[in-house]
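# Examination of the molecular architecture
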Amino acid sequence: MTQLPSAETLRDQILYHLTHTQGRGEEFATTFDWRLAVSYTIRDLIVTPWMAALRGARDQGRKRVYYLSMEFLIGRILEDAIINLGLNDSMDGALDLLGLNKQQILDDEPDAALGNGGLGRLAACFMESLSSLSVPAFGYGIRYEHGLFRQRFEAGQQVETPEDWLNQPHPWEFVRLDYSYAIGFKGHVEQVDGRAVWHPGESVIARAYDTPVIGWQGDWANTLRLWGAHPTTLFDLHRFNAGDHTAAAEPEALARTISRVLYPDDGTESGKELRLKQEYFLTAAALQDILRRFLSEHDDLRQLPDKVAIQLNDTHPAIAGPELIRLLMDDHGMDFPTARDIARGTLNYTNHTLLPEALERWSTWLMGRVLPRHMQIIQMIDDDHRLQTRRPDHLGIVHHDEVRMGELAFVMAGRVNGVSALHTDLVKSTVFADLNRLHPGRIVNQTNGVTPRRWLRMSNPALSAVLDDVIGTGWTGDLDQLRGLEPHAEDPALLARLRAAKRANKVWLSDGLLAGLGVRADPDAIFDVQVKRIHEYKRQLLNILEAIALWRRIHDDPNGDWVPRVKIFGGKAAPGYWLAKTVIHLINDVAATINTDPVTRDFLQIAYPPNYNVSMAEDLIPAADLSEQISTAGKEASGTGNMKFTMNGALTIGTLDGANVEIRDHVGPENFFLFGLTADKVDQARARPGHARAAIEASDDLSAALHMIAEGRFGRPEPYFALLDRTWNDDPFLVASDFDDYFAAQRQVDAAYRDPARWDRMAALNIARSGFFSSDRTIRGYLRDIWKLEPGA
Ligand code: 26V
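Residues numbered from 1 in each chain as written. Predicted model: local features only at pLDDT ≥ 70, side-chain atom pairs only at ≥ 80, totals over all residues. Heavy atoms only, no water.

The protein appears in an unreviewed UniProt entry as Alpha-1,4 glucan phosphorylase from Paracoccus homiensis. As stated in UniProt under Catalytic activity (unreviewed entry), the record for the protein gives "[(1->4)-alpha-D-glucosyl](n) + phosphate = [(1->4)-alpha-D-glucosyl](n-1) + alpha-D-glucose 1-phosphate". What UniProt records for the protein under Cofactor (unreviewed entry) is the sentence "pyridoxal 5'-phosphate". (UniProt positions renumbered as here; feature names shortened; annotations may be inferred.)

As structure tokens, then:
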């Protein structure tokens, strides 16, 4: 931005919006009123670069990126926008002039929680990096009325309540009544003069709601376009006039269901008709919008691949292949091979998981009923692929009366990518081995990244101030500059400043944990943090078992030289994932017992704040000393939390899984606490009969910990019998096999923490060498290898 507004100008604008947009006098204004007035003030400053970016891309005929995702886990917007516009100081000044408390205003904003976890948060980081790199891009998603559920604990157990972020005005969005598209479902297909005509049996309107996403330094903004579902007819006047007032409103209620709520699963197949409708709703609206824009600028659809790159975020929008072919054939009169080639030149697919239960499959029966024309086209794509590859025996897209969405996405994509080096290797060698042989070179790697604006500059002002001072401010837009810290990694003065910044963050968090949970977290203890969705493969169970074993050891030797630790957990379980919910219950039960034990309470505390979300991550990660990345090797596609911890100076205890492998390579193996089986050993270990029982019997610490749960030391044991049984007899994620190695690695952590000079040096090197994990680097990789376009700046 050329001219930054002063504190006085911002103050005047805030007062203007308070009066004229909110319709409130100063003396009656609530925090909410002020927050909206501040948000509108900031929004005004985003609109100008946003319009300029949209106009510039159109005038220069630039190729555009379209990111299709069922999830965008945005979090709060206000502070991020203030920072990217470079207005932090003048806004502080303006709020001072008005006598307002900034933190209170920022905290008033609800999180936009339109995602479950890593996949959705990655989409949000990508949107920010695309704007920061001045790439013309649109994100397409669904404007869920209810984002991810709120989590409470009752007697230690997870209770879900609906989230309602749209119960209040959302100051960042612009509704576009003129961009509305009809989306059809069901019905039948008719052949007319050799052309297929689909007559949908139902239809809804997709209406565009736009949110600008401002990039670093405020020069460029892209659009996040979220679709809301609306009825084609508002209500049934005949029924209303006949006195049936409830039934009259039915069309509206039915249509709105489609954008009513985010599916709260992150990896279990739902198989629900509504989910398929949501996926098609997003995809069809996006493709109509993309073709409308293309045809307003160009007239030959064969040029689509030169002007449009579409990224499918996992298979959720994979119906884009058949839908694009349908539009090109049925609406634009192309033949199948031409339509297929254009679609393949335009579409790309990112795989985010190899867990079999998370790979989407739809029964051909359901697909044929909800999307009859698409089912025909899927069959054509499958037959054509067999013919083209001369592989009549190929398993195919349609198999055992199911449409396999991964195969569909792969076959229709120009490029397929994994999200870390290890994951991409596994994509090639396991689930897509056959397709990889048929299409060598189609699979590429793009290791994930996170935006340093939100995850360092915004969430960790204490560390950012030290960095600005020592290496200048350039790191925010070019994270590789963190390397400049490396020559100072031996400098006691610098290390002391880093330590002071970390301690300030820990004190802040400690106050919050005391006020919110009544947990006493000593800021001089190791803050050991595991935050992520609760899943068996992520192994929160391993972590809590280690806590029990440690507790027992402290008890046996209360005068030993123990290093005080605060274990912090955060995360939600899918409402139907019963075992994950049992783990939550167990952590809370163990915490209740351990935290009040007078013998150990100075050495070990456990905190599990409920309702982990983006905003909580922003408070926890900067205060962490130790980052828990302990998934069973081969199961975590990448992880992105792991990267946030590293750049905030936490050390990692982790397995060789996902991007942990690359984090360790970058920071140096001596600055990373490694443990556990490697991915190539996991299947063998699991195949050994009695593997878990053998490992448990060989480990004093582990068998004691399991027995203590079974004996009821942490409350009634009955709720845990199934979990214990599974750990003894099945243990598919190898908690038992990895336990002793994990326990030993934790003791190495203790030893390192006892030596502050050593710890601080390791932390400094983690920060200095984390530049690779900026999502700017990731986006440059997609531009070069997948989208084939240049960054703008
Ligand atoms: C699957 C399903 C199945 C149907 C119901 C809704 C739903 C929602 C999400 C998913 C897929 C989850 C896959 C996922 O989140 N993968 C994560 O992606 C991150 C970004 O690439 C990566 O860092 C994590 O390791 C990976 O678990």
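### Looking at the UniProt feature "modified residue: N6-(pyridoxal phosphate)lysine" (unreviewed entry) in the protein
According to UniProt, the "modified residue: N6-(pyridoxal phosphate)lysine" (unreviewed entry) feature falls on Lys-644. Mapped onto the elements, Lys-644 comes out in helix α25 (residues 641-647). Among the residues examined, Lys-644 registers a relative accessible area of 7% and is labelled buried. With sequence-adjacent residues up to four places away left out, Lys-644 is seen in contact with Arg-121, Val-450, Trp-455 and Ile-621. (Helix = DSSP H or I, 4+ residues; strand = E, 2+ residues; numbered from the N terminus. Buried < 20%, exposed > 50% of the residue type's maximum accessible area, 1.4 Å probe, protein only. Contact = heavy atoms within 4.5 Å.)

### Points about the pattern of salt bridges
Side chains that differ in sign of charge can pair as their charged atoms come close. Scanning all chains against the criterion turns up 64 salt bridges. Taking the shortest distance from any N to any O, the salt bridge between Glu-536 and Arg-726 comes out at 2.6 Å. With Glu-536 in the loop between β19 (526-531) and α22 (540-556) and Arg-726 in helix α30 (residues 721-729), this pair connects stretches of sequence that are 190 residues apart. Between Asp-750 and Arg-747 there is a salt bridge, with its nearest N and O atoms 2.9 Å apart. Here the residue Asp-750 and the residue Arg-747 both occupy positions in helix α31 (residues 735-754), the gap between them amounting to three residues, near one helical turn. The pair formed by Asp-750 and Arg-747 is uniform in burial state, with each residue classed as buried. A cluster of three or more residues bridged by salt bridges with shared partners is formed by Asp-528, Glu-546, Arg-565, Lys-567, Glu-628, Arg-747 and Asp-750. (Salt bridge = Lys/Arg side-chain N within 4 Å of Asp/Glu carboxyl O.)

### Remarks on the site of the ligand
The local shell around the ligand holds 19 residues, among which His-352, Asn-448, Glu-636, Ser-638 and Gly-639 are the closest. Here an oxygen atom of the ligand and a backbone polar atom of Ala-637 are 3.3 Å apart. For the ligand, the protein covers 95% of the area, taking 600 Å² as the surface of the free molecule. Tallying contributions element by element places helix α6 (residues 118-132) first for the shell around the ligand, with three residues. (Near = heavy atom within 4 Å. Polar contact = N/O pair within 3.5 Å; in protein donor to acceptor, adjacent residues only side chain to side chain. Areas by Shrake-Rupley, 256 points an atom, 1.4 Å probe, with all protein chains shown as cover.)

### Quick word on α31
Between the first and last C-alpha of α31 there are 28 Å, a value that for 20 residues agrees with the 28 Å anticipated at 1.5 Å per step. At Asp-741, α31 shows its maximal bend, which comes to roughly 30 degrees. (Expected span 1.5 Å × (residues − 1). Bend = angle between axes of the 7 residues up to and from the residue.)

### Side note on helix α4 (residues 88-98)
Every buried residue belonging to α4 is among Ser-90, Met-91, Ala-94, Leu-95 and Leu-98, and all of these are buried. The arc enclosing the buried residues of α4, seen along the axis, measures out at 135 degrees, which places them on a common side. Of the exposed residues in α4, the ones pointing more than 90 degrees away from its buried face are Asp-89 and Asp-96. Lining the buried residues of α4 we find α1 (7-20), α2 (31-59), α3 (78-84) and α5 (102-107). Looking one or two places after α4, you find Gly-99, whose phi comes out positive at around 70 degrees. (Arc of directions from axis to C-beta.)

### Structural notes on the packing of aromatic side chains
A full pass over the atoms with the stated rule returns 21 aromatic pairs. Geometrically, the ring pair formed by Trp-50 and Phe-174 is tilted, given 5.4 Å between the ring centres and 45 degrees between the ring planes. In this pair, Trp-50 is assigned in helix α2 and Phe-174 in strand β7 (residues 174-185), connecting sequence segments 124 residues apart. Here Trp-50 falls in the buried class, since its relative accessible area comes to 1%. Geometrically, the ring pair formed by Phe-569 and Tyr-608 is tilted, given 6.2 Å between the ring centres and 40 degrees between the ring planes. On the criterion of sequence distance, the pair formed by Phe-569 in strand β20 (residues 565-570) and Tyr-608 in the loop between β21 (604-607) and α24 (614-620) is long-range, its members being 39 residues apart. For Phe-569, a relative accessible area of 1% translates into the label buried. Through a chain of ring-to-ring contacts, three or more aromatic side chains come together here, namely Tyr-66, Phe-138, Tyr-140, Tyr-181 and Trp-227. Here the guanidinium or amino end of Lys-644 rests over the ring plane of Trp-455, the centre of that ring lying 4.1 Å away. (Phe/Tyr/Trp six-rings, centres within 6.5 Å; stacked < 30°, edge-to-face > 60°. Lys NZ or Arg CZ within 6 Å of the ring centre and 35° of its normal.)

### Some thoughts on the side chain of Gln-278
Tracing the sequence through the fold places Gln-278 in helix α10 (residues 273-297). On the basis of relative accessibility, which here comes to 0%, the residue Gln-278 falls in the buried class. Among residues more than four places away in sequence, those in contact with Gln-278 are Met-70, Ile-142, Tyr-144, Ile-258, Val-261 and Tyr-263.

### Comments concerning the packing of α22 against α31
Between two packed helices, both the angle of their axes relative to each other and the distance between the axes serve to describe the pair. For the pair α22 and α31, the least separation of the axes is 10 Å and the interaxial angle reads 55 degrees. Taken together, the axes of α22 and α31 are oblique relative to one another. Viewed along their axes, α22 and α31 form a crossing whose handedness is right-handed. Contacts from Leu-541, Leu-542, Asn-543, Leu-545, Glu-546, Ala-549, Leu-550 and Arg-553 of α22 reach α31 at Val-735, Phe-739, Tyr-742, Phe-743, Gln-746 and Arg-747. Among the residues forming the contact of α22 with α31, the class breakdown is nine nonpolar, two polar and three charged. (Axes fitted to C-alpha atoms, helices over the stretch in contact; angles between N-to-C directions. Parallel < 35°, antiparallel > 145°, perpendicular 65-115°, else oblique. Left-handed = near helix turned anticlockwise from the far one by under 90°. Nonpolar A, V, L, I, M, F, W, Y, C, P; charged D, E, K, R; others polar.)

### Details of the sheet that holds β20
Taken together, the six strands give an open sheet; going across it, the order is β21-β20-β19-β22-β23-β24, and neighbouring strands pair in parallel fashion. Two strands in the sheet have a free side with no partner beyond their single neighbour: β21 and β24 (673-674). Note: β20 against β21, four bridges, orientation parallel. Looking at the pairing, Ile-568 lines up with Ala-607 of β21. Helix α32 (residues 756-768) rests against β23 (651-654) and β24 of the sheet, and its axis sits at about 90 degrees to β23. (Pairing = 2+ DSSP bridges.)

### Side note on the nonpolar core
Grouped together as the largest cluster of nonpolar side chains are 184 residues, with contacts concentrated most on Ile-42, Ile-183, Trp-227, Phe-281, Met-367 and Trp-787. The greatest single-element share of this core, amounting to eleven residues, is contributed by α10. (Core = buried A, V, L, I, M, F, W, Y, C linked by side-chain atoms within 4.5 Å.)

### A short note on the sheet that holds strand β15 (residues 398-399)
Taken in spatial order, the three strands of this open sheet run β14-β16-β15, and their pairing is antiparallel. Here the strands that pair on one side only, and so sit at the sheet edges, are β14 (361-363) and β15. Direction of pairing for β15 relative to strand β16 (residues 402-404): antiparallel, over a ladder of two bridges. Bridging from a neighbouring strand, Val-398 pairs with Val-403 of β16.

### Overview of the packing of α6 against helix α33 (residues 775-787)
Remark: α6 packs on α33, axes separated minimally by 9 Å, with the N-to-C direction vectors making an angle of 80 degrees. As summarised for this structure, α6 and α33 are arranged roughly perpendicular, according to the angle between their axes. Together, Cys-125, Phe-126, Ser-129 and Leu-130 of α6 and Ser-775, Asp-776, Thr-778, Ile-779, Tyr-782 and Trp-787 of α33 make up the contact between the two elements. Tallied by class, the residues present in the contact of α6 with α33 amount to six nonpolar, three polar and one charged.

### Focus on the pairing of β20
β20 sits mainly inside the fold: six of its six residues count as buried. Across the two faces of β20 the burial is the same, with Arg-565, Lys-567 and Phe-569 and Val-566, Ile-568 and Gly-570 all buried. Pairing analysis gives six bridges linking β19 to β20, with the strands arranged parallel. Residue pairing in the sheet places Val-531 in a bridge with Gly-570 of β20. Note that the unit made of β20, helix α23 (residues 578-595) and β21 has a crossover that is right-handed. (Right-handed = clockwise from strand over helix to strand, strands pointing away.)

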